[in-house]
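Results of the structural survey
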Amino acid sequence: MIENYLMNKSSLVNIFLKMNFFLFSVILIAPFFTKAQTVTVDGYFNQESKKDKSGNLVRFHYTWDDIESSGFSKFGEAFKVNGAKNLKRLDEAPTAINLKETNVYIIVDPDNLKDNPKPNYINDNDAKEIANWVYKGGVLFIMANDSANTDLHHLNILGSKFGFKFNRDITLHVVDDEHFANGGLSTASAKFLFKTSKKVFLKDACSISIEKPGKAILKDKNGANVLVSSKYGKGIVLAVGDPWLYNEYVNGRLPKEYENDKAMNDIAAWLIAKTKKK
């Protein structure tokens, strides 16, 4: 009986040690397993439509499936190359529930009356929902525009949560394709973000005023902020004064010195990397 007792006790000890070794192994390797990254582009505050060849209204402009100059199809490819598994569009007001599975959320060029006769303006509740999502670890990318082409007034309700304000002005003003140099911007001061691109092109951007926790990333030749970031809780926000990464400006049309295609990949990689650190 004593021998049986000792044998049973020994077996229990071995089982206990094996279970603990298994749990310890899981803890060690857990960080190497990340769930599929989901990048969601807003389709609620920006909701532009046009008629197709059949006369039907279809969505376009800054959408993943728009392969024309107005689309984000190339930007979507850059996210996939850098680890994103899902590309989605959110056609409803953002909430904690419908942002739950999103890792990167992109808001670009919110509609004004010129774009949409019935725009969905960002309100206090929208700003609160988005800010709470970022605070818990979300990665937000805001791409504004000059005041004539977007709704900066309501966008600033959101921006103020993170310490920045989009101004009603124009920087990097470009008259036509003969004046590309007026939109040129060196990325030398932000190599942590632009790891492969040295010079980029933006056109008619709005400048951005910042206060803590906002930080400047790129400035124009007059010292105005064009690209900024903000740490907020466990998350981070990147904001720029122009929706410059749509197909028209990343398709090789620009003179070779402007590396928007590389910058697009740099930004996609940076945004995805920030989600993996949560």
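Residues numbered from 1 in each chain as written. Predicted model: local features only at pLDDT ≥ 70, side-chain atom pairs only at ≥ 80, totals over all residues. Heavy atoms only, no water.

1. Let's talk about the overall build of the protein chain
Secondary structure summary: the protein chain contains five helices and 13 strands in total. Every one of the 278 residues in the protein chain was classed for burial, and the buried ones make up 46%. Counting contacts in the protein chain only where the partners sit at least 6 residues apart, residues at least 24 apart contribute 70% of the total. About 15100 Å² of surface is accessible on the protein chain, with carbon and sulfur atoms providing 55% of the total. (Helix = DSSP H or I, 4+ residues; strand = E, 2+ residues; numbered from the N terminus. Buried < 20%, exposed > 50% of the residue type's maximum accessible area, 1.4 Å probe, protein only. Contact = heavy atoms within 4.5 Å. Areas by Shrake-Rupley, 256 points an atom, 1.4 Å probe, with all protein chains shown as cover.)

2. A closer look at the pattern of salt bridges
Scanning all chains against the criterion turns up six salt bridges. The residue arginine 89 makes a salt bridge to aspartate 91 at a minimum N-O spacing of 2.8 Å. Among the residues examined, aspartate 91 registers a relative accessible area of 35% and is labelled partly exposed. Across the pair glutamate 257 and lysine 199 runs a salt bridge whose closest N-O atoms are separated by 3.1 Å. Of the two residues, glutamate 257 sits in the loop between strand E13 (235-240) and helix H5 (260-276) while lysine 199 sits in strand E9 (residues 199-201), which places them 58 residues apart along the sequence. With a relative accessible area of 29%, lysine 199 lands in the partly exposed category. Sharing partners across several salt bridges, the network here consists of Arg59, Arg89 and Asp91. (Salt bridge = Lys/Arg side-chain N within 4 Å of Asp/Glu carboxyl O.)

3. Focus: the side chain of asparagine 112
Following the sequence through the fold, asparagine 112 ends up in the loop between strand E5 (104-108) and helix H3 (124-135). Asparagine 112 sits in the buried class, given a relative accessible area of 11%. Sequence-distant contacts of asparagine 112, that is, excluding residues within four places in its chain, are made with Pro119, Ser147, Ala148, Asn149, Thr150 and Asp151.

4. So, the sheet that holds strand E12 (residues 225-232)
Two pairing modes exist for strands in a sheet, parallel and antiparallel, and in both the strands are linked by backbone hydrogen bonds. Taken together, the seven strands give an open sheet; going across it, the order is E4-E1-E5-E6-E13-E12-E11, and neighbouring strands pair in mixed fashion. Where the open sheet ends on each side, the last strands, each with one partner, are strand E4 (84-90) and strand E11 (214-219). Between one strand axis and the next, the sheet turns through 20° on average, direction left out of account. Bridging between strand E6 (residues 139-143) and E13 involves five bridges; their strand directions are parallel. Across the sheet, the residue bridging to valine 139 is isoleucine 236, located in E13. (Pairing = 2+ DSSP bridges. Axes fitted to C-alpha atoms, helices over the stretch in contact; angles between N-to-C directions.)

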